[in-house]
Amino acid sequence: MTSTSYIADNWYWMVAAGASGALLLWQQVKEGATAGGLSPAMAVQLINKERAQVIDVCEPAEFAAAHVAGAKNIPLGDIASGKGLPGNKKLPLVVVCAAGSRSAKAVAQLKAMGYENAQSLGGGLKAWREANLPIDKA
């Protein structure tokens, strides 16, 4: 009977588990902060049924190029000031950016400010466009 360690005997299983975990992590990183965000269809329902306000946190030049129809531009850097945000903190907010990562950061700030119904549009304006939903240009 040989005395070898468990790791030495089962190294290939450990490599497989590590590779599997790395692939899952890579997928999450590649998708950015879109996981858990609203789908475009869910955002439309919030806008139509609950009169949610759309807040675009892109920079003004990006907003001017294209944005969700009816969105209000408040760049991410200006969110903390509260300027331009609705006075009613119970109003649902759909927060949008180009791809979903900035809007997730904005939602965290908004929730800290008391806007508990703020949600990020998963995939951002890119996902909105892919769903063939209306876009405005300034």
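Scope of this entry: the structure provided in the associated data block. (Residues numbered from 1 in each chain as written. Predicted model: local features only at pLDDT ≥ 70, side-chain atom pairs only at ≥ 80, totals over all residues. Heavy atoms only, no water.)

Things to note about the side chain of Ser 120
Here is step 1 of the chain: If you trace the backbone, Ser 120 turns up in strand β5 (residues 118-120).
Here is step 2 of the chain: At 2.6 Å, the side chain of Ser 120 forms a polar contact with the side chain of Ser 103.
Here is step 3 of the chain: Aside from chain neighbours lying at most four places away, what touches Ser 120 is Gly 37, Leu 38, Val 95, Gly 100, Ser 103, Ala 104 and Val 107. (Helix = DSSP H or I, 4+ residues; strand = E, 2+ residues; numbered from the N terminus. Polar contact = N/O pair within 3.5 Å; in protein donor to acceptor, adjacent residues only side chain to side chain. Contact = heavy atoms within 4.5 Å.)

Observations regarding the packing of aromatic side chains
Here is step 1 of the chain: Within the structure shown, the criterion is met by 2 aromatic pairs.
Here is step 2 of the chain: Plain terms: the ring middles of Trp 11 and Tyr 12 are 5.8 Å apart, the flat faces sit at 80° to each other, and that makes the pair edge-to-face.
Here is step 3 of the chain: Accessibility expressed as a relative area gives 42% for Tyr 12, which makes it partly exposed.
Here is step 4 of the chain: Ring centres 5.6 Å apart and planes at 55° place the aromatic pair Tyr 12 and Trp 13 in the tilted group.
Here is step 5 of the chain: Taken together, the ring pairs connect Trp 11, Tyr 12 and Trp 13 into an aromatic cluster. (Phe/Tyr/Trp six-rings, centres within 6.5 Å; stacked < 30°, edge-to-face > 60°. Buried < 20%, exposed > 50% of the residue type's maximum accessible area, 1.4 Å probe, protein only.)

A word on the sheet that holds β5
Two strands in a sheet stick together by hydrogen bonds in their backbones, pointing the same way (parallel) or opposite ways (antiparallel).
Here is step 1 of the chain: Pairing is parallel across the open sheet formed by 4 strands, whose spatial order is β3-β1-β4-β5. One side of each edge strand has no neighbouring strand; the edge strands of this open sheet are β3 (72-73) and β5.
Here is step 2 of the chain: Looking at chain direction, strand β1 (residues 53-56) and β3 are connected through 2 bridges and run parallel. When the sheet's bridge partners are listed, Asp 56 is paired in β3 with Asn 73.
Here is step 3 of the chain: Its contacts with the sheet put helix α5 (residues 101-112) on β4 (93-96) and β5, and the angle it makes with β5 is roughly 165°. (Pairing = 2+ DSSP bridges. Axes fitted to C-alpha atoms, helices over the stretch in contact; angles between N-to-C directions.)

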